[in-house]
Amino acid sequence: MARIENEPVAPAEAVDLTAAVDAGAEVPPEILAQSLGEYLRGWWVRVRSGDSGVLPVIVGLVAVAVIFETTTPENAFLRPSNLVYLFQESTIYMVLAMAEIFILLLGEIDLSIGYVALFGGVVTWKLVQTPSPAWPWWAAIPVALFFCGVVGAVQGTLVSRLKIPSFVVTLGGLLLFRGIVVIILGGADGLFSISPSVPNQAVIYNLVQANLDPTVSWIVMAAAVVAVGGGLWMRAASRRRGGLVAPPRSVVALRIVLLAAVGIAVVAICDVNRGVAITIDGVPWVVPIVLGVLALWTLLLQRTRYGRYVYAIGGNPEAARRAGVKVAAIRTWAFVLSAVTAGFAGILLGSFFYGQYSTNLADGSQLVLYAVAASVIGGTSLFGGRGKTIHGVLGGLVIGGIVYGMALLGLQVEWELIVTGSVLVLAVLIDVLSRRGAGAGGGERV
Amino acid sequence: MTLAESAAAGAEPLLKLRGIDKHFGAVQALYGVDLDLPAGQVTGLCGDNGAGKSVLTRCIAGVHQPDHGQIYFEGRPVHIRGARDAAELGIETVYQDLALADNLDIVQNMFLGRERLRRQLLDEDSMERAAAETLSSLRVTTVRSIRQPVASLSGGQRQSVAVAKAVMWNSKVVLLDEPTAALGVVQTRMVLDLVRRLRDRGLAVMVISHNLNDIFEVADRIAVLHLGRMVAEGPASNFDRQSTVEYMTTGGSGRTAAATGGPG
């Protein structure tokens, strides 16, 4: 096919990007910025117009830190030992939120992922029980995640092929898996535990509990910052070479510096000895693991066709269908990937609770609301098409901070529910308002 | 007659419809419709509500299959059994709703469903260059950045992006369904200019519109449907507003008999 690509490619400057601005068209100002100052001004204009990006979550994190630091006894919230515990706990919400984001991007919701997570965890625990079946961890985890994937495929098929609202399908799934988890555990008072002294079980136990050596922590962090920062820099440079619009060097540099600062802060906090009798220091395994999940899902959603179609379906399913996108298959796969991710969160959850899996380990329906809250606080829209995997990580940290802060305050569960519920509604309110702002402007111009 | 006109023009029309019948259950939507879409010309398709404009468009786009009749593309008979068949022939349709995803940017929309890959990953830079080139060749220069989300575009810009998306794929026939229906004066002018540029590129363009101002401004040929029958078809110079309105409303005209293929 003699497509455009076969013709000589005109330099991108041939499009006069500044000519005759159409009345009323708002361009995200930061796309056009040529300097750091312009970029920041553009960003601020965007925030004021309702497209706040990650700003609410940053404000939320600061607010959580300030409120709990000042109200907890002996100002304990920001102690390194507590912060590390907070990171460990938050990783569960982060992974669950990343699972939920797949579904939210489609404009659907999955209420079952809390219990699907527990299902994934409990299957893993069951498989590594000694003396039987005593599966090796490297077989148990994939098999458990595979079952989660099957669950996701069934729910996804019901939603995308049989057109049952996802709300209903996954509400049913929530109850169903709640029951199944109890059955696998062998009754309401069932308990599976794994021990760090059994080498095979220790791998799973250690996911959240064990730490990297402090020195290794620094090396891993430095490698990650160099890889990500280098990637950002090279990409901007390559776009600039190709004559395409790229963020100014100062903006890229600022991003890399911020990234490095966060990395250094996290490792510095984790490398403080937080043990009482023995030395406990270093970054928990789970931190690089969660960042790995983040990197994988970000790559999938931002850089592959599959990811592009997920966004397109969330934005306009009819447009996607007419463009030849297999809408039902993409949707079904999103439920599969979401369920697999959730199952992994369930494995982390058991590790976080020192290897004890029981029916009262966690409330799956509460977990799913935390996951939705984390996604939305992070900046993902409930209405589909807007959001990124990183939002799950940032939002998960806010939710983790709230949950853990209230635990430090000694507040009862009812207050945890009240506060988290309020935060969820507030986050959705921000989402709705920013959407309305964009919609009002857009609507007049259609 | 249309055939005579084509012969006079000395060229086989790029797309030729002959005797197209289409019914839905008991409702006959099209009765033996003939239509020519020559390359390098804009054909304006008019008709009142329910005249069969949309059904005819969908028959060409492959959404509906005619019950009887034949479609000829570049002189050979073709069966268009879906959007994919149409796209393979080089027939693209811009529907009134434009089918753009608001949350995606211009490049992403233009390449939706046909993304370029490099090592299994999206080749954004190459797509961005090609999109910029198509837009600049169509002189769609009012967008500030082709990386802005479509939600931030004006109505005329959205229409332009949808048209650019349609012509990007080596298309030969472009069907535009009510391209100016929701637009203001300036935006309408922008889109009509774009339609002329498509014609100048040698595409066969069909503009379906209620708006006779637009039709008379841009069309080289006019075709009028009335209750499923093609009541008049010919060069735009054979028509005036009065006669066109009469064709659209009553299916006949006492004034310009020369243009009509005659009902039935």
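Residues numbered from 1 in each chain as written. Chains lettered and ligands numbered in written order. Predicted model: local features only at pLDDT ≥ 70, side-chain atom pairs only at ≥ 80, totals over all residues.

**Some details on the environment of Leu 408 of chain A**
All names here are of chain A. Heads up, the rule is: Runs of H or I in DSSP of at least four residues are treated as helices and runs of E of at least two as strands, each being numbered from the N terminus. Residues with at least 20 neighbouring C-beta atoms inside 10 Å of their own are called buried, those with 12 or fewer are called exposed, and the rest are partly exposed, where every C-beta is derived from the backbone. We call two residues in contact if the C-beta atoms placed from their backbones are at most 7 Å apart.
Turning to its location among the elements, Leu 408 is positioned in helix 15 (residues 389-408). Look at Leu 408 and you get partly exposed, because 19 C-beta atoms sit within 10 Å. Linking Leu 408 and Phe 146, residues 262 residues apart in sequence, is a C-alpha distance of 37 Å. Residues contacting Leu 408, with those up to four places away along its chain left out, are Phe 68, Thr 72, Ala 76, Phe 77 and Asn 82.

**A short note on the sheet that holds strand 10 (residues 204-208) of chain B**
Residues and elements named next belong to chain B. Put simply, the rule is: By the convention used here, strands pair only if DSSP detects at least 2 bridges between them. Every axis corresponds to a line fitted to the C-alpha atoms, with the helix fit spanning only the stretch in contact, and the corresponding angles, defined between N-to-C directions, vary from 0 to 180 degrees.
What the six strands build is an open sheet, ordered 6-9-10-3-11-12; its pairing is mixed. The open sheet has two edge strands, strand 6 (91-94) and strand 12 (229-235), and neither has a second partner. Each neighbouring strand pair of the sheet contributes to a mean axis angle of 15°, computed without reference to strand direction. Here strand 3 (residues 42-47) pairs with strand 11 (residues 221-226) via five bridges, running parallel. What sits directly across from Leu 45, in strand 11, is Ala 223. Relative to the sheet, helix 7 (residues 185-200) contacts strand 3, strand 9 (173-177) and strand 10, its axis offset from that of strand 10 by approximately 150°. Each of strand 3, strand 11 and strand 12 touches helix 9 (residues 241-250); the most contacted strand, strand 11, lies at about 30° to it.

**Here we look at the sheet that holds strand 2 (residues 27-37) of chain B**
Residues and elements named next belong to chain B. Judged by pairing direction, the sheet is antiparallel, and its four strands sit side by side in the order 2-1-4-5 without closing on themselves. Two strands close off the open sheet at either side, each with one partner strand: strand 2 and strand 5 (76-78). If you compare each strand with its neighbour and ignore which way they point, the axes differ by 30° on average. Direction of pairing for strand 4 (residues 68-73) relative to strand 5: antiparallel, over a ladder of three bridges. Residue pairing in the sheet places Phe 73 in a bridge with Arg 76 of strand 5. Helix 2 (residues 53-61) rests against strand 1 (15-24) and strand 2 of the sheet, and its axis sits at about 60° to strand 2.

**Some points on the environment of Ala 83 of chain B**
Turning to its location among the elements, Ala 83 of chain B is positioned in helix 3 (residues 83-89). Exposure remark for Ala 83 of chain B: the 18 C-beta atoms within 10 Å place this residue in the partly exposed category. In this structure the C-alpha to C-alpha distance between Ala 83 of chain B and Gly 202 of chain B, which are 119 residues apart in sequence, comes to 22 Å. Residues contacting Ala 83 of chain B, with those up to four places away along its chain left out, are Arg 322 of chain A together with Ala 61 and Gly 62 of chain B.

**Re the packing of helix 14 (residues 364-378) of chain A against helix 15 of chain A**
Residues and elements named next belong to chain A. We apply this condition: Left-handed describes a crossing whose near helix is turned anticlockwise from the far helix by less than a right angle; the clockwise case is right-handed. Each residue receives one of three labels: charged for Asp, Glu, Lys and Arg, nonpolar for Ala, Val, Leu, Ile, Met, Phe, Trp, Tyr, Cys and Pro, and polar for the others, Gly being one of them.
Interaxial distance between helix 14 and helix 15 falls to 7 Å at its minimum, and their mutual angle equals 115°. Like other packed secondary-structure pairs, helix 14 and helix 15 cross with a definite hand, here right-handed. Touching Tyr 370, Ala 373, Ala 374, Ser 375, Ile 377 and Gly 378 of helix 14 are His 391, Gly 392, Leu 394, Gly 395, Gly 396, Val 398 and Ile 399, all from helix 15. When its residues are assigned to classes, the contact of helix 14 with helix 15 shows seven nonpolar, six polar and no charged.

**Digging into the nonpolar core**
We apply this condition: Remark: nonpolar core denotes a set of buried Ala, Val, Leu, Ile, Met, Phe, Trp, Tyr and Cys residues whose joining runs through C-beta atoms within 7 Å.
Formed by 195 residues in total, the largest nonpolar core has its most connected members in Val 95, Leu 96, Leu 348 and Ala 371 of chain A together with Val 207 of chain B. In terms of residue count, helix 3 (residues 80-105) of chain A provides more of this core than any other element does, 17 residues in total. If we skip the residues at most four places from it in the chain, Ala 371 of chain A touches Tyr 93, Leu 96, Ala 97, Ala 99, Glu 100 and Ile 113 of chain A.

**Remarks on the confidence of the model for chain B**
Interpretation of the predicted coordinates at a detailed level should be avoided for regions scoring low in pLDDT. All names here are of chain B. Spelled out, the test is: On a range of 0 to 100, pLDDT expresses the predictor's confidence in each residue.
Here chain B shows a mean pLDDT of 85. Residues at 70 or above account for 91%. A low-confidence stretch, residues 1-9 stays under pLDDT 50, and its non-local contacts, those more than four residues away or across chains, total eleven contacts. Scored below 50 in pLDDT, residues 256-264 shows 22 contacts in the model against residues more than four places distant or in partner chains. Predicted complex, confidence summary: ipTM 0.84, pTM 0.87.

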